[in-house]
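# Residue-level structural notes
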Amino acid sequence: MAEYHKLDAGRLQALKDIANRLRIHSIRATNASNSGHPTSCCSIAEVMSTLFFYAMKYNAEKPRDPNNDRFILSKGHAAPVLYATWAEVGLYSAQELLNLRKLDSDLEGHPTPRLPFVDVATGSLGQGLSCAAGMAYVGKYIDHASYRVYCLLGDGESVEGSVWEALHFSSHYQLDNLVAVFDINRLGQSEPTSLQHRMDVYDQRLKAFGWNTYVVDGHDVESLCKAFYEASLVKGRPTCILAKTFKGKGLPGIEDLDNWHGKPLGEKADEYIALIEKQIVNVGPHGFTPSLPTEELSNIPFGNLHLSEAPGYKLGEKVATRLAYGTALAKLGKNNKRVLALDGDTKNSTFSIKLKEVDPKQHLECFIAEQNLVGVAIGCAARNRTVTFTSTFACFFSRAFDQLRMGAISQTDANFCGSHAGISIGEDGPSQMGLEDLAMFRAIPGCTVFYPSDAVSTERAVELAANAKGLCYIRTSRPNSSVLYGNGEEFQIGKAKVVRESARDQVTVVGACVTLEEALKAAAQLEADGISIRVLDLFTIKPLDTSTLIFSARKTGGRILVVEDHYPEGGIGEAVAAAVAGERDFVVKRLAVSGIPRSGKPEELLDLFGISCRHIVNAVKELLKL
């Protein structure tokens, strides 16, 4: 192993000077905004200076160049020091930093990808390492590139379970291109952290999770440089640098004292700035330029992904939409090796395994750790290096909702599939039934929500999602359902299908997958009684095809019945009701799962909870009485 060569005294001093300039920038910026976290910035000043001016390789003029090393500030509240670092790199002026947290500035309170050097939004603590692990996985196993990934975490957030999920994942996949830095500054927001400065405990825990570790003085630039250098030589294991630091470092009377979290220095600022300025030896330009990366990769254009072949089903054939999802993934992956399926140990149920059968390198098992599963997917999708499809049971995405909403803030183009939706899964019981997922994904800004009703529309939903910007969610079901559409049927985001219609229709019935089948059964029964209904398949719940819905409802006297395998709150019924809220003389009746369900056969449960054919028939007749 090559030995670390100590930097000369001038260069070490320059790194110290940069760190102190970062402190000054952070104090001034937070004072200008009268908000922010200067003491949290001060604890990582040396870490940032050694990272950006010693360890990392990147093209400062092209912050999102695919060859650049990546950096994630998981402790996003320390954003001012990140912005200050890029000012020292030359991307911003010191004056511009004073616009921190202003409405017309992208220098927000916590980092978002509105800034060219931010890949994922942070600030909801405990999520950065999962995203970093996703980036590192892609770098090692898909890009086969030399770029490295660095993630800086706070000690307070290290208690989060998602952090330990990421630690497990990273060691399992031997991500030796990943370096995590724990800023162990002892103090949390309202009191000291649970471990404070027990560096030995941190070290033992990280080692137990299979990580290479270095315990260092986080304010000693030489120790940091040595640790970063040695980390670059480690093979087969990720590295964690456990940096012992002090909150408010360099601010006497504030350093290592409680009750300064998230508080600008106010009237004390000038005094402390003057004190820090005295420690800067070279007040002129520091003369550092980042080391350039090896040019190995090019940017990958977004979109233009297609199934390798069209759907191949027979009308009326019984196929579960979850199976069609897997079939579509395999077809998509055959055409594009950048398609990556991720799963949480449910791949033989969600059928993402079908892509693994095509090419094992296009499937990433994340095990039963859904928060990390989502975070890794967001990281894998960063800089458009892969097209990710992440699947698990619909209900299990609820524990990763925070990661999903942060994905939207991260402007990620990631796709998610929740299988085993609703009570139609049957005997497994309520803990396995996704009954809140539509509400959850509908609430995410910019998220496209697909709810395909047969195998053909499911395959097309996968193809459309692969080419759509932003988050996409595809809801699939466990039971076999009839193929309704011809293999050549075209589908569009935000465009519904009228499955059954006549000039005599009296009620518009909206269903999806299992409830659409029930609606078609009800239509046949009602026809025998001389009542004709129009049946709609929305295909996407968000955006919803308002024009087709309103047109159909007007043709049926303004009467709409929505039937869904979901709780009433936040589901299709509420989406439809909102869409027609401004229309005169419309009435919307909703049938949904009205309480906590239980185990039983699917058909028993559909009937018990009021969304079966029988209940649809009765509801239509009730509507006609109004």
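Residues numbered from 1 in each chain as written. Predicted model: local features only at pLDDT ≥ 70, side-chain atom pairs only at ≥ 80, totals over all residues. Heavy atoms only, no water.

## As for helix 3 (residues 45–55)
- Here helix 3 lies mainly inside the structure; 11 of its 11 residues are buried.
- Where helix 3 is concerned, the buried positions are Ala45, Glu46, Val47, Met48, Ser49, Thr50, Leu51, Phe52, Phe53, Tyr54 and Ala55. (Buried < 20%, exposed > 50% of the residue type's maximum accessible area, 1.4 Å probe, protein only. Helix = DSSP H or I, 4+ residues; strand = E, 2+ residues; numbered from the N terminus.)

## Observations regarding the sheet that holds strand 18 (residues 559–563)
- Here five strands make up an open sheet; going across it, the order is 14-16-15-18-19 and the pairing mixed. Edge positions in the open sheet fall to strand 14 (497–500) and strand 19 (587–591), since each of these has one partner strand only. Within this sheet the neighbouring strands show an average axis-to-axis angle of 25°, counted without direction.
- When strand 15 (residues 507–511) meets strand 16 (residues 533–537), the two strands line up parallel, connected through five bridges. Looking at the pairing, Val510 lines up with Leu536 of strand 16.
- Sheet contacts for helix 17 (residues 514–528): strand 14, strand 15, strand 16 and strand 18; angle to strand 16, the most-contacted strand, approximately 170°.
- Sheet contacts for helix 21 (residues 613–625): strand 15, strand 16, strand 18 and strand 19; angle to strand 18, the most-contacted strand, approximately 160°. (Pairing = 2+ DSSP bridges. Axes fitted to C-alpha atoms, helices over the stretch in contact; angles between N-to-C directions. Contact = heavy atoms within 4.5 Å.)

## Details of the packing of aromatic side chains
- A complete count under the given rule lists 24 aromatic pairs for this structure.
- Arranged with centres 6.4 Å apart and planes meeting at 50°, the rings of Tyr137 and Phe169 form a pair that is tilted. One end of the pair, Tyr137, is in helix 5 (residues 128–142); the other, Phe169, is in helix 6 (residues 161–172), and 32 residues separate them in sequence.
- With relative accessibility at 7%, the residue Tyr137 sits in the buried group.
- We classify Phe169 as buried; its relative accessible area is 2%.
- Plain terms: the ring middles of Phe450 and Phe539 are 5.6 Å apart, the flat faces sit at 75° to each other, and that makes the pair edge-to-face. Separated by 89 residues along the polypeptide, Phe450 in strand 11 (residues 448–450) and Phe539 in the loop between strand 16 and strand 17 (540–542) bring together distant segments of the chain.
- For Phe539, a relative accessible area of 0% puts it in the buried group.
- Aromatic ring contacts, followed pair by pair, group Phe52, Tyr58, Phe71, Tyr83, Trp86, Tyr92 and Phe117 into a single cluster.
- The lysine or arginine in question, Lys469, covers the ring of Phe302, its NZ or CZ lying 4.2 Å from the ring centre. (Phe/Tyr/Trp six-rings, centres within 6.5 Å; stacked < 30°, edge-to-face > 60°. Lys NZ or Arg CZ within 6 Å of the ring centre and 35° of its normal.)

## Focus: the environment of His5
- Take His5: it is sitting in the segment before helix 1 (9–33).
- His5 gets classed as exposed once you look at its relative accessible area, which sits at 65%.

## A short note on the packing of helix 6 against helix 13 (residues 370–381)
- Where helix 6 contacts helix 13, the two axes come as close as 8 Å, and the packing angle between them is 70°. Classified by the angle between their axes, helix 6 and helix 13 sit roughly perpendicular to one another. The hand of the helix 6/helix 13 crossing is right-handed. In this structure, helix 6 uses Ser162, Glu165, Ala166 and Phe169 to contact helix 13, whose residues at the interface are Glu370, Gln371, Asn372 and Val376.
- Taken together, the residues of the contact of helix 6 with helix 13 break down into three nonpolar, three polar and two charged. (Parallel < 35°, antiparallel > 145°, perpendicular 65-115°, else oblique. Left-handed = near helix turned anticlockwise from the far one by under 90°. Nonpolar A, V, L, I, M, F, W, Y, C, P; charged D, E, K, R; others polar.)

## Things to note about the sheet that holds strand 8 (residues 363–365)
- Spatial strand order, 8-7-9-10-12-11-17: seven strands in an open sheet with mixed pairing. The two strands at the open ends of the sheet, each matched to only one other strand, are strand 8 and strand 17. When the angles between neighbouring strand axes are averaged without regard to direction, this sheet yields 20°.
- In the sheet, strand 11 pairs with strand 12 (residues 472–475) via three bridges, with the strands oriented parallel. Within strand 12, the position partnered with Val449 by the bridge is Tyr473.
- Each of strand 7 (339–343), strand 9 (387–393), strand 10 (415–419) and strand 12 touches helix 10 (residues 321–335); the most contacted strand, strand 9, lies at about 160° to it.

## Focus: the environment of Ile423
- Along the chain, Ile423 falls in the loop between strand 10 and helix 15 (437–442).
- Linking Ile423 and Pro602, residues 179 residues apart in sequence, is a C-alpha distance of 6.8 Å.
- Apart from residues lying up to four places away in sequence, Ile423 is in contact with Met433, Leu435, Asp565, Val593, Pro597, Leu605, Leu606, Phe609 and Ile611.

## Overview of the pattern of salt bridges
- Inspection of every chain in the model, using the stated rule, returns 36 salt bridges.
- The shortest N-O distance in the salt bridge between Lys521 and Glu518 comes to 3.1 Å. Of this pair, Lys521 and Glu518 are both found in helix 17, three residues apart, which corresponds to roughly one turn of the helix.
- Two residues, Glu574 and Arg590, come together in a salt bridge whose shortest N-O distance is 3.9 Å. One end of the pair, Glu574, is in helix 19 (residues 572–579); the other, Arg590, is in strand 19, with 16 residues separating them in the sequence. (Salt bridge = Lys/Arg side-chain N within 4 Å of Asp/Glu carboxyl O.)

## Description of the nonpolar core
- In terms of nonpolar packing, the biggest core is built from 83 residues, with Leu129, Phe182, Leu364, Phe416, Phe441 and Ile572 touching the most fellow members.
- Looking at which element gives the most residues to this core, the answer is helix 5, with nine residues.
- Core analysis: the second largest hydrophobic core is formed by 54 residues, Leu7, Leu82, Val221 and Val234 among them. (Core = buried A, V, L, I, M, F, W, Y, C linked by side-chain atoms within 4.5 Å.)

## Description of the environment of Phe53
- Checked against the element boundaries, Phe53 lands in helix 3.
- Classification of Phe53 as buried rests on a relative accessible area of 3%.
- On a C-alpha basis, the gap between Phe53 and Arg64 in space is 17 Å, while along the polypeptide they are 11 residues apart.
- Every residue in contact with Phe53, bar those within four places of it in the chain, is listed here: Arg11, Leu15, Ile18, Thr85, Glu88, Val89, His286 and Phe288.

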